[in-house]
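Breakdown of the fold
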Amino acid sequence: MAAISNDIFQSLLKQVEDFQPAIEAVEVGHVTEVGDGIARVAGLSNVRMSELVRFSNGVVGIAFNLEKDNVGIIIIGEYDEIQEGDEVRPIGRIASIPVGMGMVGRVVDALGNPVDGKGPIAAAEFYNIERIAPGVIERRNVYQPVQTGIIAIDSMTPIGRGQRELIIGDRQTGKTAIAIDTIINQKGKNLYCIYVAIGKRRGEVARLVSLLEEYGAMEYTTIVVASASDPAAMQYIAPYSGCAIGEWFMENKMDALVVYDDLSKHAWAYRQVSLLMRRPPGREAYPGDVFYLHSRLLERAAQLSDERGGGSLTALPVIETLLGDVSAYVPTNVISITDGQIYLEPELFYAGTRPAINVGISVSRVGGDAQTKAMKKVAGGLRLDLAQFRSLAAFAQFGSDLDKSTQQQLDRGLRLTELLKQPQYQPLPLAEQVALIYAGTKGYLDNVPVDRVKEWQSGFIRAFNTQFADLANGIAQNKTLTDEQEGKLKDALNTFNASWS
């Protein structure tokens, strides 16, 4: 017994002798003012911009305003229990989000915390949500297409990998539908998708998740949610978080697509936190740096050079206009940053033309560089045909006596417009798009009644994929339309038209 007691005594003595007092210097601040989702904190003189801090009740905040005698913190979470005088400590890291393959198929909040009930995320890496965009030397020209599956976009306003294409229009005109169709069409195309929902209702986001699961798109998609019920701070950082997730794929030699739905609500959230922080308001009460807010986000989309791995990040920002006013402050800012826009018109939408794309205003500044050779060959005359149709249709309203060639152009324009209509969640493969545009522009639909164009289309697609499957597969694999294939396509159209009634 005495021996055991001696051992214990010796063990304790050794621990006392080996004890080295550890002195840890921790910077501690104190809340001087709190309310409406923001707090002013004195004493954090070494805190960095966008650094995370923790209040004494466990709530996290982000350093937003670095002033001479205090730090403005935007609070992420409930701020009701935070009191004046509470302690605030820096966490020691800039606001960051987990990245990697573990994020694929998950629904997360703006800080990367899972909200889908599938357990914790396995992530070995964290990326800061604010990162510097790749420089000019690190990039190369956009050269690969992002096939949206929407015939009107792929033919006339093509989107390339690494491009920033704006989707703009009034509310309820189909902006989100275009983004979702594009995500659904990426199945098997090695393009990882990130959908950032800003200021949407939770019910909308839940419907979206179930829809993507139904079409098998969640296998390659991540959803970042900052819903309408979340604090403005979460809505402000959500797009940067989504972009950081996409950048991991780009920097690891993969391709990613990120949809920001929508940046109008993002600007509202930023305006809200800026005004609470007493930043000076400018036009429409937005702070003076609202342009920089979106430019530093969208500039991060890039097609990297081969030396940097050749990965890409494509951005599809969405902007909501009010009564078609594209000259408002935020829409003009984003139009000037992006590489083109797809403009959705309410009049077309209510007239039954869906997607309601105004092909006159919609443009892609990357153009044919982002198109396959097959699409470039058949779609060259499509925009011109539709432009002539629009001007003739406006002219024809004033009189009925039209010469034969004018009437023929009008009739073809009506059929082409009908051909470009497309149901939601039914993206078309490249080969089918090429065949349909070729049929429309070369006059194979001229004798089909306008109200039966869709019936003709579904019949031809069935025949094209069964009777002429070799031709369809050839166009799909090589993405070209050779003279030999063009001859076979003519034969296929003539054969089908002869049997169709």
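Here's what I pulled together on the structure shown here. For every chain, the first residue of the written sequence is number 1, and numbering continues from 1 along that sequence. Local features are withheld for residues below a pLDDT of 70 in this predicted model, meaning they are given only at 70 or higher, and side-chain atom pairs are given and counted only at 80 or more; totals for whole chains, interfaces and linings count all residues. No hydrogens and no water enter the side-chain calculation; it runs on all heavy atoms of the structure.

**Structural notes on empty space enclosed by the protein**
Empty space among the atoms becomes apparent when a probe as large as a water molecule is rolled across them. Computed over the protein atoms alone on a 1 Å grid, cavities are sets of points where a 1.4 Å probe fits but cannot get out and pockets are open sets with protein on both sides within 12 Å along at least five of seven lines; a residue lines them when it has an atom within 4 Å of a point. Grid points are joined across faces, edges and corners, and a volume is the space filled by probe spheres set on the points. In this structure the tally under the stated criterion is 2 cavities of 30 Å³ or more. Its volume calculated, the largest cavity comes out at about 60 Å³. Forming the boundary of the largest cavity are Met49, Ser50, Ile62, Ala63, Phe64, Ala95, Ile129, Glu130, Tyr236 and Ile237. Mapped by element, the contributors of at least two residues to the lining of the largest cavity are β4 (60–66) and α5 (232–251). Residue contributions to the lining of the largest cavity peak at 3 residues, all from β4. Here the second largest cavity is characterised by a volume of approximately 50 Å³. Around the second largest cavity, the lining residues are Pro145, Val146, Gln147, Asp154, Pro158, Ile159, Ala370, Gln371, Thr372 and Met375. For this classification, Asp, Glu, Lys and Arg are treated as charged, while Ala, Val, Leu, Ile, Met, Phe, Trp, Tyr, Cys and Pro are nonpolar and the rest, including Gly, are polar. Of the residues belonging to the lining of the second largest cavity, the class tally is 6 nonpolar, 3 polar and 1 charged. Per the convention used, a helix needs a DSSP run of H or I reaching at least four residues, while a strand needs a run of E reaching at least two, with both numbered from the N terminus.

**Overview of the side chain of Ser155**
Examined against the element boundaries, Ser155 turns out to sit in helix α2 (residues 151–156). Within the structure, the side chain of Ser155 is placed 2.6 Å from the backbone oxygen of Ile151, a separation counted as a polar contact. A contact between two residues is defined here by any heavy atoms of the two lying within 4.5 Å. Every residue in contact with Ser155, bar those within four places of it in the chain, is listed here: Gln371, Met375, Ala379, Leu382 and Ile437. Polar contact is the term for a pair of N or O atoms within 3.5 Å; when the atoms are in protein, one must be able to donate a hydrogen and the other to accept it, and sequence-neighboring residues count only if both atoms are side-chain atoms.

**With respect to the sheet that holds strand β1 (residues 29–35)**
Between any two strands, at least two bridges found by DSSP are needed for them to pair. Taking strand neighbours around the barrel as the criterion, the 6 strands line up as β1-β2-β5-β4-β3-β6 in a closed arrangement whose pairing is antiparallel. On average, each strand axis in the sheet is tilted by 45 degrees relative to the strand beside it, whichever way the strands run. Inspection of the sheet shows strand β2 (residues 38–42) paired to strand β5 (residues 71–76) by 4 bridges, in the antiparallel sense. From the neighbouring strand, Ala39 faces β5, where its bridge partner is Ile73. Packed onto the sheet, helix α6 (residues 263–276) meets β2, β4 and β5 and runs at close to 70 degrees relative to β4. An axis is simply a line fitted to the C-alpha atoms; with a helix, the fit covers only the stretch in contact. Between two such axes, the angle follows the N-to-C directions and lies from 0 to 180 degrees.

**What to know about the environment of Arg171**
Within the secondary structure, Arg171 is located in the loop between β10 (166–170) and α3 (175–184). Exposure classes here rest on a 1.4 Å probe applied to the protein chains alone. A residue is buried below 20% of its type maximum, exposed above 50%, and partly exposed in between. According to the relative accessible area criterion, Arg171 is exposed, its value standing at 53%. Residues Arg171 and Ile319 lie 148 residues apart in sequence; the distance between their C-alpha atoms is 9.3 Å. Discounting residues that sit within four places of it in the chain, Arg171 has contacts with Glu320 and Thr321.

**Quick word on the packing of helix α13 (residues 430–441) against helix α15 (residues 469–478)**
Viewed as axis vectors pointing N to C, α13 and α15 meet at an angle of 110 degrees, and their least axial separation amounts to 8 Å. When the interaxial angle is binned, α13 and α15 end up roughly perpendicular. The two elements α13 and α15 cross, and the hand of that crossing is right-handed. Residues Leu430, Ala431 and Val434 of α13 form the contact with α15, whose participating residues are Ala472, Ile475 and Ala476. Residues belonging to the contact of α13 with α15 are distributed by class as follows: 6 nonpolar, no polar and no charged. Orientation categories follow fixed angle ranges, with anything under 35 degrees roughly parallel, anything over 145 roughly antiparallel, 65 to 115 roughly perpendicular, and all other angles oblique. In this scheme, a crossing is called left-handed if the near helix is turned counterclockwise away from the far one by less than a right angle; it is called right-handed if the turn is clockwise.

**Considerations on the layout of surface pockets**
Estimates place the volume of the largest pocket at around 920 Å³. Along its surface, the largest pocket is lined by 33 residues, and Gln172, Gly174, Thr176, Ala177 and Glu204 are the ones closest to its centre. Elements represented by at least two residues in the lining of the largest pocket include exactly α3 and α4 (202–214). At 6 residues, the largest contribution of residues to the lining of the largest pocket is made by α3.

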